[in-house]
Amino acid sequence: MTEYEFEVGVIGAGPAGLAAAYAARALGKNVVILEDYLWGGTCPNYGCDPKKILLAAVEGIHRQSALQNLGLRGLSTIDWSALMAHKQRYVDAVEPRKIRGLDAADITRFYGRAVFVNADTVTVGDTGDRVKALDWVIATGQRPKTLTFPGAELTQDSEAFLNLPMMPDDVTFIGAGYIGMEFANITQAAGAHTRIVTAGPTALRAFDQTLVRQLITDMQETGISWYFNATVQQIEKMPTERLLVTLTDGIQFETGRVFVTAGRVANADQLQLENAGVVWDTTEIPVDDHLRTSNPHIYAIGDVGGSPVPKLVPTGNHEGRYVAQAIAGLTTAPIIYPAIP
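The residue numbers shown here count from 1 along each chain, following its written sequence. Thresholds applied to this predicted model are a pLDDT of at least 70 for local features of residues and 80 or more for the giving and counting of side-chain atom pairs; totals over whole chains, interfaces and linings are not thresholded and use all residues. Only heavy atoms go into the side-chain values, all of them from the structure, while hydrogens and water stay out.

A.B. asks: Outline the overall build of the chain, listing residues and values.
C.D. replies: What counts as a helix is a DSSP run of H or I of at least four residues, what counts as a strand is a run of E of at least two, and both are numbered from the N terminus. Within the chain one finds nine helices and 16 strands. Whereas a compact globule of 341 residues would reach a radius of gyration of roughly 20 Å, the chain reaches 22 Å, a difference of no more than 12%. With the C-alpha coordinates aligned to their principal axes, the bounding extent of the chain is approximately 60 × 50 × 40 Å. Whether a residue is buried, partly exposed or exposed follows from its accessible area with a 1.4 Å probe, protein chains only, as a fraction of its type maximum: under 20%, in between, or over 50%, in that order. Taken over 341 residues, the chain has a buried fraction of 46%. Long-range contacts, defined here as pairs at least 24 residues apart, represent 61% of the contacts in the chain between residues at least 6 apart. In the form shown here, the chain has an accessible surface area of approximately 16,400 Å², with 53% of it arising from carbon and sulfur atoms. All radius of gyration figures rest on C-alpha atoms, and the globule criterion is 2.2 Å times the number of residues raised to 0.38. Working rule for contacts: check all heavy atoms of both residues, and any pair within 4.5 Å makes them a contact. To measure how exposed things are, a 1.4 Å probe is used in the Shrake-Rupley method; for residues, cover is taken only from the protein chains shown.

A.B. asks: Mind laying out unusual backbone geometry, listing which residues take part and the relevant values?
C.D. replies: Even without glycine at this site, asparagine 69 takes up a positive phi of about 65°. Topologically, asparagine 69 is positioned in the loop between α3 (48-66) and α4 (80-92). At leucine 204, a position not held by glycine, the phi torsion is positive, near 45°. One can find leucine 204 in the loop between β9 (193-197) and α8 (209-221).

A.B. asks: Let's hear about α3: which residues, and what values?
C.D. replies: A helix is expected to span 1.5 Å multiplied by its residue count minus one. Here α3 is 19 residues long and its end C-alpha atoms lie 26 Å apart, about the 27 Å a rise of 1.5 Å per residue gives. Along α3, the residues classified as buried are Pro50, Lys51, Ile53, Leu54, Leu55, Val58 and Ile61. Buried residues in α3 make contact with α2 (42-46), α4, α6 (158-161) and α7 (178-189).

A.B. asks: So what's going on with the state of the cysteines? Residues and values would help.
C.D. replies: To count as a disulfide, a pair of cysteine sulfur atoms needs to be within 2.5 Å. With the rule as written, the count across this model stands at one disulfide. Bridging cysteine 43 to cysteine 48, the disulfide has an S-S length of 1.8 Å. Since a negative S-S torsion denotes a left-handed disulfide, the cysteine 43-cysteine 48 link at about -130° is left-handed.

A.B. asks: Can you lay out the sheet that holds strand β12 (residues 243-247) for me, pointing to particular residues and giving the numbers?
C.D. replies: The sheet built from three strands is open, its strands ordered β11-β12-β13 with antiparallel pairing. Of all strands in the sheet, those with a lone pairing partner are β11 (232-237) and β13 (252-255), marking the two edges. Going from strand to strand, the sheet's axes swing by 20° on average, the running direction of each strand aside. Strand pairing is assigned whenever DSSP detects at least two bridges linking the two strands. Sheet topology note: the β12/β13 ladder contains four bridges and is antiparallel. By the bridge assignment, valine 245 is partnered in β13 with phenylalanine 253. Angular values range over 0 to 180 degrees, each being the angle between N-to-C directions of two axes fitted as lines to C-alpha atoms, with helices fitted over their stretch in contact.

A.B. asks: An account of α4 is needed here, citing residue identities and associated values.
C.D. replies: Look at α4: 18 Å from first C-alpha to last across 13 residues, which is about the 18 Å you get at 1.5 Å a residue. The complete set of buried residues in α4 reads Trp80, Leu83, Met84, Lys87 and Val91. With its buried residues spanning 95° around the axis, α4 presents them on a single face. Exposed and oriented more than 90 degrees from the buried face of α4 are Arg89 and Asp92. Along its buried surface, α4 packs onto α2, α3, α5 (94-104), α6 and α7. This arc describes the spread of directions from the helix axis toward the C-beta atoms.

A.B. asks: Please set out the side chain of threonine 123 residue by residue, giving values where relevant.
C.D. replies: As for its placement among the helices and strands, threonine 123 is situated in strand β5 (residues 121-124). When its relative accessible area of 18% is taken as the criterion, threonine 123 is described as buried.

A.B. asks: How would you explain the nonpolar core if you had to name every residue and give the values?
C.D. replies: By size, the foremost hydrophobic cluster in this structure holds 49 residues, and its most contacted members are Ile33, Leu34, Phe116, Val122 and Trp136. Elements that contribute at least two residues to this core include exactly β1 (3-11), α1 (15-26), β2 (31-35), β4 (114-116), β5, β6 (129-138), β16 (298-300) and α9 (313-327). Here the element with the most residues in this core is α1; it accounts for six residues. The residues contacting valine 122, other than those within four sequence positions of it, are Ile11, Leu34, Ala114, Val115, Phe116, Val117, Asp129, Arg130, Val131 and Trp136. By convention a nonpolar core is built from buried Ala, Val, Leu, Ile, Met, Phe, Trp, Tyr and Cys residues, the set being connected through side-chain atoms within 4.5 Å.

A.B. asks: Describe the pairing of β11, with residues and values.
C.D. replies: Note that β11 and β12 share five bridges and pair antiparallel. Across the sheet, lysine 237 pairs through a bridge with leucine 243, a residue of β12. If you look at the hairpin formed by β11 and β12, you'll find five residues sitting between the two strands, and glutamate 241 has a positive phi there, around 75°.

A.B. asks: A description of the pattern of salt bridges should follow, citing residues and the corresponding values.
C.D. replies: Each reported salt bridge corresponds to a side-chain nitrogen of Lys or Arg within 4 Å of a carboxyl oxygen of Asp or Glu. For the coordinates displayed, the defined rule picks out twelve salt bridges. Between lysine 29 and glutamate 7 there is a salt bridge whose closest N-O contact spans 3.9 Å. One end of the pair, lysine 29, is in the loop between α1 and β2; the other, glutamate 7, is in strand β1, and 22 residues separate them in sequence. The class for glutamate 7 is partly exposed, based on a relative accessible area of 29%. If you follow the salt bridges from partner to partner, you end up with Asp169, Arg242 and Glu254 in one network.

A.B. asks: Describe the environment of proline 201, with residues and values.
C.D. replies: One can find proline 201 in the loop between β9 and α8. Remark: the alpha-carbon pair of proline 201 and methionine 167, spanning 34 residues in sequence, is separated by 28 Å. The contacts of proline 201, once residues within four sequence positions are left out, are Phe228 and Asn229.

Take a look at the structure:
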């Protein structure tokens, strides 16, 4: 076991954590960053960036459709395997690029899960190494929510979708948030019959419902099947390897894959935050208007933090730069957010 000491420790190497680490290092702080999965975090590896690559193909088809007989003839089709290979080439370059950037900035990095043992010290992974910092920044993000019903183990999450090797002929999404809605439009354009099961009477509850109703209508016209005010009672694997989905209202259908897109939960439960005096819940780590947790030397930013703003990459980047300045004593003012598109 080895012990290390730093001025600033960052847990989580996604966009928010990296922004905090780089900003603190630029201000002359001795910085360490810890990551237990993929350097770069969710967005570039298995979130927004690869999703946009897939959506670009869908958008291309939509543009072609709108211009049929107005100068264009014929529609392209999605070659899913080729599209996924294109996506993977982008993803494969992310981690090496992030590691090179950290090394060039002279930011120490550790790979392994961080667990707090007291108010200022964590252990890292299975090595037992202890890392102490005067101030900590938690930027561990969120992960897909899991559901509990008979057969829930047969479902998959958003990361599995973004690594789907072949497109089934029928795909089901549980949840009509923006992730499920985007994925549903991708699978429908790729030729799969697509189904959306949602517990409420609509989709995208946090968005303008006038626009949402039009979007639902447009999606229905493309052939997407909707099951409103519905929840899954159970899923069974059929002899054909297809999945039989039974809803609580008795409706049944067979499908090829079921993906849970019913929201996300905070990656805070594995940090043993109680050892550091940090209060947290399943959705976030509460923070004040300086992004401090209940331990004033531990900050929470990005998707895991409880700031009352949308969980977006630009938000996390802004929060990371802000906490670096707060730690360095360059600001004592509460955080102010710029306009967020």
